[in-house]
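Descriptive analysis of the structure
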Amino acid sequence: QVQLVESGGGLVHDGGSLRLSCAASGRTFSSYAMGWFRQAPGKEREFVAVISWSGGSTYYADSVKGRFTISRDNAKNTVYLQMNSLKSEDTAVYYCAAARNVAFSRLDYDYWGQGTQVTVSS
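This section reports on the structure supplied with the text. (Residues numbered from 1 in each chain as written. Predicted model: local features only at pLDDT ≥ 70, side-chain atom pairs only at ≥ 80, totals over all residues. Heavy atoms only, no water.)

Okay, the overall build of the chain next. A count of helices and strands for the chain gives zero helices and 11 strands. Listing each helix as α and each strand as β along the chain from the N terminus yields β-β-β-β-β-β-β-β-β-β-β. Its C-alpha radius of gyration of 13 Å places the chain within 12% of the 14 Å reference for a compact globule of 122 residues. Judged by the C-alpha coordinates and their principal axes, the chain covers about 40 × 25 × 25 Å. A total of about 6200 Å² of accessible surface is found on the chain, and carbon and sulfur atoms cover 46% of it. (Helix = DSSP H or I, 4+ residues; strand = E, 2+ residues; numbered from the N terminus. Rg over C-alpha atoms; globule rule 2.2 N^0.38 Å. Areas by Shrake-Rupley, 256 points an atom, 1.4 Å probe, with all protein chains shown as cover.)

Let us now look at the nonpolar core. Among the nonpolar cores identified, the biggest contains 39 residues, and Leu4, Met34, Trp36, Leu81, Met83 and Tyr94 are the most heavily contacted of them. Within the residue set of this core, elements represented by two or more residues are strand E3 (18–25), strand E4 (33–39), strand E5 (46–51), strand E7 (68–73), strand E8 (78–83), strand E9 (92–99) and strand E11 (116–121). No other element matches the six residues that E9 contributes to this core. Leave out the neighbours within four places in its chain, and methionine 34 touches Leu4, Cys22, Phe29, Ala49, Val50, Ile51, Ile70, Arg72, Val79, Ala97, Ala98 and Tyr109. (Core = buried A, V, L, I, M, F, W, Y, C linked by side-chain atoms within 4.5 Å. Buried < 20%, exposed > 50% of the residue type's maximum accessible area, 1.4 Å probe, protein only. Contact = heavy atoms within 4.5 Å.)

With seven of its eight residues buried, E9 lies for the most part within the structure. Note that E4 and E9 share seven bridges and pair antiparallel. Looking at E9, one finds that methionine 34 is bridged to alanine 98. Bridge count for E9 against E11 is three bridges, and the pairing is antiparallel. (Pairing = 2+ DSSP bridges.)

Locating leucine 86 in the fold gives a position in the loop between E8 and E9. Overall, the relative accessible area of 1% leaves leucine 86 in the buried class. If near-sequence neighbours (up to four positions away) are discounted, leucine 86 is found in contact with Val12, Asp14, Gly15, Gly16, Ser17, Leu18, Arg67, Phe68 and Val120.

Printed below as a string of structure tokens:
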């Protein structure tokens, strides 16, 4: 069982930066791939980024590539999402999630956090 708690969301101006954190409980955190998803009002939850259990592999949605960076610290049971050059279309609730393997579909994730709101004002 893995419990996830996101933090770091907030209101930022267009072009600004935020760093999201996701703290995990459970001794098996380091065996899970960790992903970030987001959901804007009226839209489906979409993949943002994923990192392998070791941190050696990372993948990004085209819409965030070059602007967002996913990382993890297994000693701290935490995964991060550094978001730079934010745009109004990045406004959404951001969720972290845990999966047994690197995955891009939300259906492949076993555990989810409660989400944190990111609002980018233009």
